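Examination of the molecular architecture
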Amino acid sequence: MRGMLPIRTVPDPILRTATAPVTEFSAELAKLAETMRETMHAHRGMGLAAPQVGQSIKLFIIEYAGSDEDEAIPFTVYVNPQITWSSMNTSISNEGCLSIPKMEGNVRRPKRVTLTANDLQGNQIRVKARGLLARIIQHEVDHLNGVLFTDKVEPGTLHQVA
Ligand code: ZN
């Protein structure tokens, strides 16, 4: 099923609310993930968390077509994700967010993370991520905890983009 959901933007309080774990791996959950995918494509995003479309649950999606610098990331749904390990090494990179339109800034994050989550069927998955994927995962996990990239932005780097 194709569809679109409106993106919640700041200062919508749902973006600041800690999300609830998913307990039922239903057809509705799969439908939500697919509709989120359509919505993310329409906005040219690389990741989208459920609270950004008004659902305060622990689910996010990631998909990226790839570029010269970064490898493609296949469409993946993460349910009840938990970062179980973060590297001491960090990197700084520019970030934006569909919920904070036209703003970007530099954010320092661990370079590598290990994550456990469920897939849409409730199976346990474990992901070791580095590079762009590690960064997007951390950005989306933050959303599930009511944290936005602007909370972590390096001083003086937040700026408006056309
Ligand atoms: Zn975001």
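Small disclaimer: the values here were computed from a predicted structure and weren't measured. (Residues numbered from 1 in each chain as written. Predicted model: local features only at pLDDT ≥ 70, side-chain atom pairs only at ≥ 80, totals over all residues. Heavy atoms only, no water.)

Remarks on the coordination of the zinc ion
Reference geometry at the metal: tetrahedral coordination by four donors gives ideal angles of 109.5 degrees; octahedral coordination by six donors gives 90 or 180 degrees. Which entries qualify depends on this criterion: Sites may look incomplete because water is not among the atoms; the donors themselves are N, O and S atoms within 2.8 Å of the metal, or within 3.2 Å for Na, K and Ca. By definition, any uninterrupted DSSP run of H or I lasting at least four residues is a helix, any uninterrupted run of E lasting at least two residues is a strand, and each is numbered from the N terminus. We call a residue buried when its accessible area falls under 20% of the maximum for its residue type, exposed when it is over 50%, and partly exposed in between, using a 1.4 Å probe and counting protein chains only.
Coordination sphere of the zinc ion, protein contribution only: Cys97 (SG), His139 (NE2) and His143 (NE2), at 2.0 to 2.3 Å. Along the chain, the residues that donate to the zinc ion are spaced as C-x41-H-x3-H. Of this pair, Cys97 sits in strand β4 (residues 90-97) while His143 sits in helix α2 (residues 131-144); the two residues are 46 residues apart in sequence, bridging distant segments of the chain. A relative accessible area of 11% means that Cys97 is categorised as buried. The exposure class of His143 is buried, given its relative accessible area of 2%.

Remarks on the pattern of salt bridges
To keep it simple, the criterion reads: We define a salt bridge as a contact between a side-chain nitrogen of Lys or Arg and a carboxyl oxygen of Asp or Glu at a distance within 4 Å.
Per the stated rule, a full pass over the model turns up 7 salt bridges. Between Asp12 and Arg8 there is a salt bridge, with its nearest N and O atoms 3.1 Å apart. Asp142 is the partner of Arg109 in a salt bridge, and the nearest nitrogen-oxygen pair spans 3.0 Å. Residue Arg109 is found in strand β5 (residues 100-110), and its partner Asp142 is found in helix α2; the two are separated by 33 residues along the sequence. For the pair Arg109 and Asp142, one class covers both residues: buried. Each member of the salt-bridge network shares a partner with another, and the members are Glu95, Arg109, Arg135, Asp142 and Lys152.

Observations concerning the packing of aromatic side chains
We apply this condition: Pairing of aromatic rings covers Phe, Tyr and Trp, the last counted by its six-membered ring, and requires centre-to-centre distances within 6.5 Å; plane angles under 30 degrees mean stacked, over 60 mean edge-to-face, and any other angle means tilted. Note on criteria: charge over ring means Lys NZ or Arg CZ within 6 Å of the ring centre, with the direction from the centre no more than 35 degrees off the ring normal.
Scanning the entire structure with this criterion turns up 1 aromatic pair. For the cation-ring pair, Arg37 lies above Phe75, with the distance from its terminal atom to the ring centre recorded as 4.1 Å.

Some points on the nonpolar core
Selection criterion: Buried residues of nine kinds, namely Ala, Val, Leu, Ile, Met, Phe, Trp, Tyr and Cys, make up a nonpolar core once their side-chain atoms join them within 4.5 Å. Any two residues whose heavy atoms approach within 4.5 Å are treated as being in contact.
If you look at the biggest cluster of nonpolar residues, it comprises 18 residues, and the most contacted ones within it are Phe60, Ile62, Tyr78, Leu133 and Ile137. Elements that contribute at least two residues to this core include exactly β2 (59-64), β3 (73-86), β6 (112-118), β7 (124-130) and α2. For this core, the element with the highest residue contribution is α2, accounting for 7 residues. Those residues in contact with Ile137 that lie beyond four places of it in its chain are Phe60, Ile62, Tyr78, Ile83, Val113, Leu115, Val127 and Ala129.

Remarks on the environment of Gln52
Selection rule: Think of a polar contact as two N or O atoms within 3.5 Å of one another; within protein, one of them needs to be a possible hydrogen donor and the other a possible acceptor, and neighboring residues in sequence only count if both atoms come from side chains.
For Gln52, the location among the structural elements is in the loop between β1 (47-49) and β2. Placed 38 residues apart in sequence, Gln52 and Ile14 show a C-alpha to C-alpha distance of 7.8 Å. With residues up to four places along the chain from it excluded, the contact list for Gln52 reads Pro6, Ile7, Arg8, Leu15, Gly47, Cys97, Leu98, Ser99, Glu140 and His143. Side chain to side chain, Gln52 and Ser99 meet in a polar contact 3.0 Å long.

Quick look at the side chain of Glu140
We apply this condition: By the counting rule applied here, Lys and Arg register as positive and Asp and Glu as negative, while His and the ends of each chain are not counted.
Here Glu140 shows up in helix α2. The side chain of Glu140 sits in the buried core without any salt bridge; Arg109 is the nearest counter-charge, 8.4 Å away. For Glu140, the side chain forms a polar contact with the main-chain nitrogen of Ala49, separated by 3.4 Å.

Quick look at α2
Going by this rule: Helix span, expected: 1.5 Å multiplied by one less than the number of residues in the helix.
For α2, built from 14 residues, the straight-helix expectation of 20 Å at 1.5 Å per residue is met to within 8% by its first-to-last C-alpha distance of 21 Å. Judged by how many residues are buried, α2 sits mostly within the fold: 13 of 14 residues are covered. Count one or two residues on from α2 and you reach Gly146, which has phi positive near 75°.

Details of the sheet that holds β4
As a reminder, the rule being used: Following DSSP output, two strands are said to pair if at least two bridges run between them. Axes here mean lines fitted to C-alpha atoms, for a helix over just the part in contact, with angles spanning 0 to 180 degrees between N-to-C directions.
Here 3 strands make up an open sheet; going across it, the order is β4-β5-β8 and the pairing antiparallel. At either margin of the open sheet sits one strand with a lone partner, and together these are β4 and β8 (159-160). Of the pairings in the sheet, the one linking β4 to β5 comprises 8 bridges and is antiparallel in character. When the bridges of β5 are listed, Cys97 appears paired with Ile100. Running at roughly 60° to β4, α2 makes contact with β4 and β5 of the sheet.

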